[in-house]
Amino acid sequence: MSVLRSRPVLRWLVPATAAVAVIGGGAAIGTFAAEAEPSLPPRTAAQLLVDLQTSRLEGLSGTVVQRADLGLPPLVGLVSGNELTTMLTGTHTLRVWYSGPDQQRVALLDTLGEQDVIRNGRDVWTWQSRSNTAKHLTLGGDAGAGKPVPDAAATMPATPQQAADLALGAIDPSTEVSVGRSATVAGQDAYELVLQPRDKDSLVHQLRIAIDAKQHVPLRFEVLAKGSDRPAFEVAFTQVDYRRPDADQFTFNPPPGVTVTEEKAERPAAGPGAGKPGHAAPSGDPQVRTVGSGWTTVLVGRLDGVDGGTKTSAKPAAPPAGSPDVDMSKLLGGLPAVSGDWGSGRLFSSKLFSVLLTDDGRVLAGAVTPERLYQAARG
């Protein structure tokens, strides 16, 4: 169950399902909480979960920084496309504003310009300064308060609220929940809620969520890989203001020369358990199935356009317009060859996830050890 599912105020940035796994960044991270540990009254994990459920946030603005160090193998030159590779590397800074479930704004600031997603009632705007293009979506009358905006920010970094919602949705008997050390985040005293997988085959050691001691808002989210005491992924507020932002922040005035595209609001409904790790195949794709559950769920699918395995010279299906060019032969050839009683293929591994591409055309992926992938491949 997700303790945030009934509290839209804690799911305010759009869209909750588009939290990005940011890849790359060799620089050390885990530097958001350099301040002294505050002294706070004791709280149990159950009390912190209730705090999240009962928060009454009316407004918020602030700066969010996201960093990652996933320990990936060298992939330089295998993927081209400036916008995507920029989103998958380095450090990302966002400005965020919230004034109720129907007024939200997030702005991604980087060296390539600014990208904004703005919701004001039924109007949703996305804008990119680099191309001076904008998209406008009018939500239908059944657009409930706090619902994520479909595809509005698929390339935007995650925020503490988004990451926490996805993580808390994974709480089940496979998860050990405890209270960590108190911290000071963005000048606010915070408790730390710790989620830890019980299954030893998970590559995730812990998820840590820093919760504002007074406002009960997630201020920082960290993912620690096994064998490391530094976050492999971290997103945190560096500055936060709980006053309601001015209404002007949610009004989008297209700049001169902007190209505006109108989009339709019709979207397929998400099935039960959507967004909960290990409980649904992504995007409802019937060709993708899951093996296992919880933290050690393995997704199993097939390579598009590959018939007979990764060793064939068949060309993959044409990528969608605007997607980066990927030299599959170089990508696969640069990965280590593996084999066993399940067959043979190539293995892509990092601190937090593993991907197995078999020679018979299957793809198996999960936040699990390679051995768990091999086990699933035998099935």
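Summary of the structure given here. Please read all numbers here as calculations on a predicted model, not as lab measurements.

For the protein, the count of helices and strands is 5 helices and 19 strands. Within the protein, buried positions represent 45% of all 379 residues. Within the protein, residue pairs in contact and separated by at least 24 positions form 63% of the contacts whose partners lie at least 6 positions apart. Element-wise, carbon and sulfur atoms account for 52% of the exposed surface of the protein, whose accessible area totals about 18,200 Å².

We now examine the packing of aromatic side chains. This model, assessed by the stated rule, comprises 5 aromatic pairs. Plain terms: the ring middles of Phe221 and Phe233 are 6.4 Å apart, the flat faces sit at 70 degrees to each other, and that makes the pair edge-to-face. Separated by 12 residues along the polypeptide, Phe221 in strand E11 (residues 218–225) and Phe233 in strand E12 (residues 231–241) bring together distant segments of the chain. On the accessibility criterion, Phe221 (6% relative accessible area) is buried.

This paragraph deals with the pattern of salt bridges. Where side chains of opposite charge bring their charged atoms close, a pairing between them can arise. Counted according to the given criterion, the structure contains 13 salt bridges. Glu37 is the partner of Arg181 in a salt bridge, and the nearest nitrogen-oxygen pair spans 3.1 Å. Taken together, the residues Arg181 in the loop between strand E7 (175–179) and strand E8 (183–185) and Glu37 in the segment before helix H1 (45–54) connect sequence positions 144 residues apart. Here Glu37 falls in the partly exposed class, since its relative accessible area comes to 45%. Glu222 is the salt-bridge partner of Arg220, the closest N and O atoms lying 3.6 Å from each other. Arg220 gets classed as buried once you look at its relative accessible area, which sits at 4%. A cluster of three or more residues bridged by salt bridges with shared partners is formed by Arg105, Glu114 and Asp116.

A few words on helix H3 (residues 160–168). Among the 9 residues in H3, 8 count as buried, and that is most of the element. Considered for burial, the residues of H3 that qualify are Pro160, Gln161, Gln162, Ala163, Ala164, Asp165, Ala167 and Leu168. Looking at the buried positions of H3, the neighbouring elements they touch are H1, strand E1 (60–68), strand E9 (188–197), strand E10 (204–212), E11 and E12.

Once that is clear, we can look at the environment of Glu263. Positionally, Glu263 belongs in strand E13 (residues 259–263). Distance in space between the C-alpha atoms of Glu263 and Leu137 is 5.1 Å, their sequence separation being 126 residues.

A word on the environment of Pro218. Inspection of the secondary structure assignment puts Pro218 in strand E11. The spatial distance from the C-alpha of Pro218 to the C-alpha of Pro160 is 5.7 Å, given a sequence separation of 58 residues.

Once that is clear, we can look at the nonpolar core. One recurring pattern in soluble globular proteins is that nonpolar side chains are buried together. In this structure, Leu60, Leu168, Leu193, Leu195, Leu207, Phe221 and Phe237 are the most contacted members of the largest nonpolar core, which totals 44 residues. In this structure, Phe221 is in contact with Pro160, Ala163, Ala164, Ala167, Leu207, Arg208, Ile209, Phe233, Glu234 and Val235, ignoring residues within four places of it in sequence. Counting residues in hydrophobic clusters, the runner-up holds 12 residues, among them Val300, Leu356, Leu364 and Ala376.

Definitions and cut-offs
Residues numbered from 1 in each chain as written. Predicted model: local features only at pLDDT ≥ 70, side-chain atom pairs only at ≥ 80, totals over all residues. Heavy atoms only, no water. Helix = DSSP H or I, 4+ residues; strand = E, 2+ residues; numbered from the N terminus. Buried < 20%, exposed > 50% of the residue type's maximum accessible area, 1.4 Å probe, protein only. Contact = heavy atoms within 4.5 Å. Areas by Shrake-Rupley, 256 points an atom, 1.4 Å probe, with all protein chains shown as cover. Phe/Tyr/Trp six-rings, centres within 6.5 Å; stacked < 30°, edge-to-face > 60°. Salt bridge = Lys/Arg side-chain N within 4 Å of Asp/Glu carboxyl O. Core = buried A, V, L, I, M, F, W, Y, C linked by side-chain atoms within 4.5 Å.

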